[in-house]
Amino acid sequence: MKSPRERIVDTTFQLFTKQGYNSTGINQIISEAGVAKASFYQYFRSKEDLCVEFLNVRHDYWFGELNHFLAKEKDPKSKTIKAFDFLVHMNAKENFRGCSFLNILSEIPMDNIKILSVIQSHKADLRNFFLELLDNDELSDHIYMLFESSITESQLFRSNELIEKSKKIVTNLIA
């Protein structure tokens, strides 16, 4: 049985996915998670704090899944190329949900530094992921941009077509 905190975060993921951040209220989260209002506020002072926790959990989950998916690949180039297959895998698993971080970004004011900094940190970690693999700043940023745009375009069009095209471009770039 999951703890109240875990139920709150799981419910938040489902509701943010279905309704978005702004359209999801704390009372709905409390109700659907099956927790008392006091339990919610024991763990989270505000919806903003819950969002930060949601994004931190999502960050750990997403990178855990990525690293597990790439575990059998030994060399950096094959890991880089296979990372695009991971996007196809996640689209199948999450029905073209897109990027939780960019989805939230589109709903918050740019002066919400608390949430914005978590989103920026996630994207910096992804940029560093490619930089560590390729040890080439310009090339890794180029691949990062293809990767990011592949996520967005696949969500928008509910298609893996541009992920596959980006994968071919990356293969040629690092060959």
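Quick note: structure is the one above.
Residues numbered from 1 in each chain as written. Predicted model: local features only at pLDDT ≥ 70, side-chain atom pairs only at ≥ 80, totals over all residues. Heavy atoms only, no water.

This part takes up the side chain of Ser154. Within the secondary structure, Ser154 is located in helix α8 (residues 137-157). Within the structure, Ser154 has its side chain in polar contact with the backbone oxygen of Ile151 (distance 3.0 Å). Excluding residues within four positions of it along the chain, Ser154 makes contact with Asn91, Phe96, Ser159 and Ile163. (Helix = DSSP H or I, 4+ residues; strand = E, 2+ residues; numbered from the N terminus. Polar contact = N/O pair within 3.5 Å; in protein donor to acceptor, adjacent residues only side chain to side chain. Contact = heavy atoms within 4.5 Å.)

The geometry of α8 relative to helix α9 (residues 161-174) is characterised by a closest axis approach of 9 Å and an angle of 170 degrees between their N-to-C directions. On the basis of their axis angle, the class for α8 and α9 is roughly antiparallel. Taken together, the residues of α9 that come into contact with α8 (itself represented by Leu139, His142, Ile143, Leu146, Ser150, Glu153 and Ser154) are Leu162, Ile163, Ser166, Ile169, Val170, Leu173 and Ile174. Along the lines of polarity and charge, the residues of the contact of α8 with α9 split into nine nonpolar, four polar and one charged. (Axes fitted to C-alpha atoms, helices over the stretch in contact; angles between N-to-C directions. Parallel < 35°, antiparallel > 145°, perpendicular 65-115°, else oblique. Nonpolar A, V, L, I, M, F, W, Y, C, P; charged D, E, K, R; others polar.)

What follows covers the layout of surface pockets. Over the atoms rolls a probe the size of a water molecule, and in doing so it shows where empty space is left. Estimates place the volume of the largest pocket at around 160 Å³. If you trace the largest pocket, you find it lined by Val9, Asp10, Phe13, Gln14, Phe54, Val57, Arg58 and Tyr61. Those elements that place two or more of their residues in the lining of the largest pocket are α1 (4-19) and α4 (47-70). When grouped by side-chain class, the residues that make up the lining of the largest pocket number five nonpolar, one polar and two charged. (1 Å grid on protein atoms, 1.4 Å probe; cavity = no way out; pocket = protein on both sides within 12 Å on 5 of 7 lines; lining within 4 Å. Points joined across faces, edges and corners; volume = space filled by probe spheres on them.)

Turning our attention to the pattern of salt bridges. Tallying each qualifying case throughout the model produces eleven salt bridges. A salt bridge links Lys114 to Glu48; its shortest N-O distance comes to 3.8 Å. Here the residue Lys114 occupies a position in helix α7 (residues 113-134), and Glu48 occupies one in helix α4, the gap between them amounting to 66 residues. According to the relative accessible area criterion, Lys114 is partly exposed, its value standing at 35%. Residue classification places Glu48 among the partly exposed positions, given a relative accessible area of 24%. (Salt bridge = Lys/Arg side-chain N within 4 Å of Asp/Glu carboxyl O. Buried < 20%, exposed > 50% of the residue type's maximum accessible area, 1.4 Å probe, protein only.)

One pass over the full model with this rule turns up 14 aromatic pairs. Their ring planes at 80 degrees and their centres at 5.0 Å tell us that Phe40 and Tyr41 sit as a pair that is edge-to-face. Between the aromatic rings of Phe84 and Phe147, the centroid separation amounts to 5.3 Å while the plane-to-plane angle is 80 degrees, which identifies the pairing as edge-to-face. Within this pair, whereas Phe84 is found in helix α5 (residues 76-94), its partner Phe147 is found in helix α8, the two being separated by 63 residues in sequence. (Phe/Tyr/Trp six-rings, centres within 6.5 Å; stacked < 30°, edge-to-face > 60°.)

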